[in-house]
Amino acid sequence: MGGVTMNITGLLAGARNGDRDSLERLVPLVNDELRRIARARLRKERPGHTLQPTALIHEAYIRLLKGAQPEWESRTHFYSVAARLMRQILTDHARARASGKRNWSANITLEHAGDLAVQTSSTLVALDDAVESLHRIDERKGRAIDLRYFGGISMEEIASILDISVATVRRELRIGEAWLRREMTSTDEKAPPS
């Protein structure tokens, strides 16, 4: 497994530098894990969702290649960025579906943030807005939230990715969670009556 991890990290670096061959060799190595993440995300969506795992993966690849390529710290970092992109794609899909009809609700817990089946489109959009606001205010806390709740990354891996201690990860998550709860509640209070 260590050789595959090193190979993925090297191919990610090559792809970031524009090496087409690295990208072509990378896709088969990461595709199974991306498919697992996509299936997990879509399983939690409403029945009859129009996006399929392959379409979600392709859209994530397109966004990965179109955007500024980060300095990939590890394959775990790559997967967490891909999971965040999939969340954003599903949120964009929910925004399009919900445009014009707002059903404000802050009845969401971060422990179930990935369980999109229990979320209305407007709740998912509100959560995404709150997470993006957190990123603007405190990038590290926002990144910790993304890695933990949307990427399914362990505390130890988050500590390694963010180059902080596990205790600091726990603290960042607690503060980030409290901020998001407050933000979601204040959004709900400011929402127009239905």
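Just above, that's the structure.
Structure report, in brief. The model shown is predicted, which means the values in this text are computed figures rather than measured ones.

### Examining the overall build of the chain
Next, step 1: Across its full length, the chain holds eight helices and zero strands.
Next, step 2: Helices and strands appear in the chain in the N-to-C order α-α-α-α-α-α-α-α.
Next, step 3: Counted over contacts in the chain with a minimum sequence separation of 6, partners at least 24 positions apart contribute 65%.

### Details of the side chain of Arg87
Next, step 1: Note that Arg87 resides in helix α4 (residues 75-98).
Next, step 2: Accessibility expressed as a relative area gives 3% for Arg87, which makes it buried.
Next, step 3: Here Arg87 is in contact with Asp128, Val131, Glu132, Asp146 and Phe150, once residues within four sequence places are set aside.

### Thoughts on a positive patch on the surface
Next, step 1: Taken together, the side chains of Arg148, Arg170, Arg171 and Arg174 present a region of like positive charge at the surface.
Next, step 2: With three residues, the top contributor of residues to the positive patch is helix α8 (residues 166-190).
Next, step 3: With respect to the helices and strands, Arg174 occurs in helix α8.
Next, step 4: The exposed category is assigned to Arg174, whose relative accessible area is 51%.

### Comments concerning the environment of Leu180
Next, step 1: Tracing the backbone shows Leu180 in helix α8.
Next, step 2: Judged by relative accessible area, which is 2%, Leu180 ranks as buried.

### As for helix α6 (residues 139-150)
Next, step 1: Between the first and last C-alpha of α6 there are 15 Å, a value that for twelve residues agrees with the 16 Å anticipated at 1.5 Å per step.
Next, step 2: Among the twelve residues in α6, nine count as buried, and that is most of the element.
Next, step 3: Inspection of α6 places Lys141, Gly142, Arg143, Ala144, Ile145, Asp146, Leu147, Tyr149 and Phe150 among the buried residues, and these make up the whole buried set.
Next, step 4: One or two positions beyond α6, positive phi appears at Gly152, with a value near 65°.

### Quick look at helix α7 (residues 155-162)
Next, step 1: Those residues of α7 lying buried are Met155, Ile158, Ala159, Ile161 and Leu162. With its buried residues spanning 165° around the axis, α7 presents them on a single face. Along α7, exposed side chains directed more than 90 degrees from the buried face belong to Glu156 and Ser160.
Next, step 2: Among the residues trailing α7, Asp163 stands out with phi positive, at a value near 60°.

### Describing unusual backbone geometry
Next, step 1: Its identity as a non-glycine residue notwithstanding, Asp163 has a phi of 60°, on the positive side.
Next, step 2: As for its position among the elements, Asp163 is in the loop between α7 and α8.
Next, step 3: By relative accessible area, which is 69% here, Asp163 ends up exposed.

### Points about the packing of α6 against α7
Next, step 1: Look at α6 against α7: their axes get within 10 Å of each other, and the N-to-C directions meet at 145°. Relative to α7, the crossing made by α6 is right-handed. Residues Arg140, Arg143, Ala144, Leu147 and Arg148 of α6 touch α7, and the partners they reach there are Met155, Ile158, Ile161 and Leu162.

### Looking at the nonpolar core
Next, step 1: Ranked by internal contacts, the top residues of the largest apolar core, which has 24 residues, are Val30, Leu34, Leu56, Phe78, Tyr79 and Met86.
Next, step 2: For this core, the elements supplying multiple residues, two or more each, are α1 (2-16), α2 (20-43), α3 (53-66) and α4.
Next, step 3: Broken down by element, this core gets its largest block of residues, eight residues, from α4.
Next, step 4: Among residues more than four places away in sequence, those in contact with Leu34 are Ile57, Tyr61, Phe78, Tyr79, Ala82 and Met86.
Next, step 5: Membership of the second largest hydrophobic core comes to 22 residues, among which are Val131, Ala159, Ile161 and Val169.

About the thresholds
- Residue indices begin from 1 for each chain and proceed along its sequence in written order.
- Since the coordinates come from a predicted model, pLDDT governs what is reported: local features require at least 70, and pairs of side-chain atoms require 80 or more to be given and counted, while whole-chain, interface and lining totals use all residues.
- Each side-chain value is derived from all of the structure's non-hydrogen atoms; neither hydrogens nor water enter the calculation.
- We count a stretch as a helix when DSSP gives it H or I for four or more residues in a row; a strand needs E for two or more, and each element gets its number in order from the N terminus.
- Any two residues whose heavy atoms approach within 4.5 Å are treated as being in contact.
- Only protein chains enter the area calculation, which uses a 1.4 Å probe; residues under 20% of their type maximum are buried, those over 50% are exposed, and those in between are partly exposed.
- Patches here are clusters of residues that have more than 30% relative accessible area and form no salt bridge, with a 9 Å joining cutoff for like charges and a 5 Å cutoff for nonpolar side chains (Val, Leu, Ile, Met, Phe, Trp, Tyr).
- Areas reported as accessible are Shrake-Rupley estimates using a 1.4 Å probe. Residue values count occlusion only from the protein chains shown.
- Any Lys or Arg side-chain nitrogen located within 4 Å of an Asp or Glu carboxyl oxygen qualifies as a salt bridge.
- The positive count covers Lys and Arg only, the negative count covers Asp and Glu only, and His and the chain ends enter neither.
- Lys charges are placed at NZ, Arg charges at CZ, Asp charges at CG and Glu charges at CD.
- Expected span of a helix: the number of residues minus one, times 1.5 Å.
- Relevant arc is that of directions from the helix axis to the C-beta atoms, nothing else.
- Only the stretch in contact is used when fitting a helix axis, every axis being a line fitted to C-alpha atoms; angles between N-to-C directions are given from 0 to 180 degrees.
- Handedness of a helix crossing follows the sense of rotation of the near helix relative to the far helix, less than a right angle counterclockwise being left-handed and clockwise being right-handed.
- As used in this record, nonpolar core signifies buried Ala, Val, Leu, Ile, Met, Phe, Trp, Tyr and Cys residues forming a set joined through side-chain atoms within 4.5 Å.

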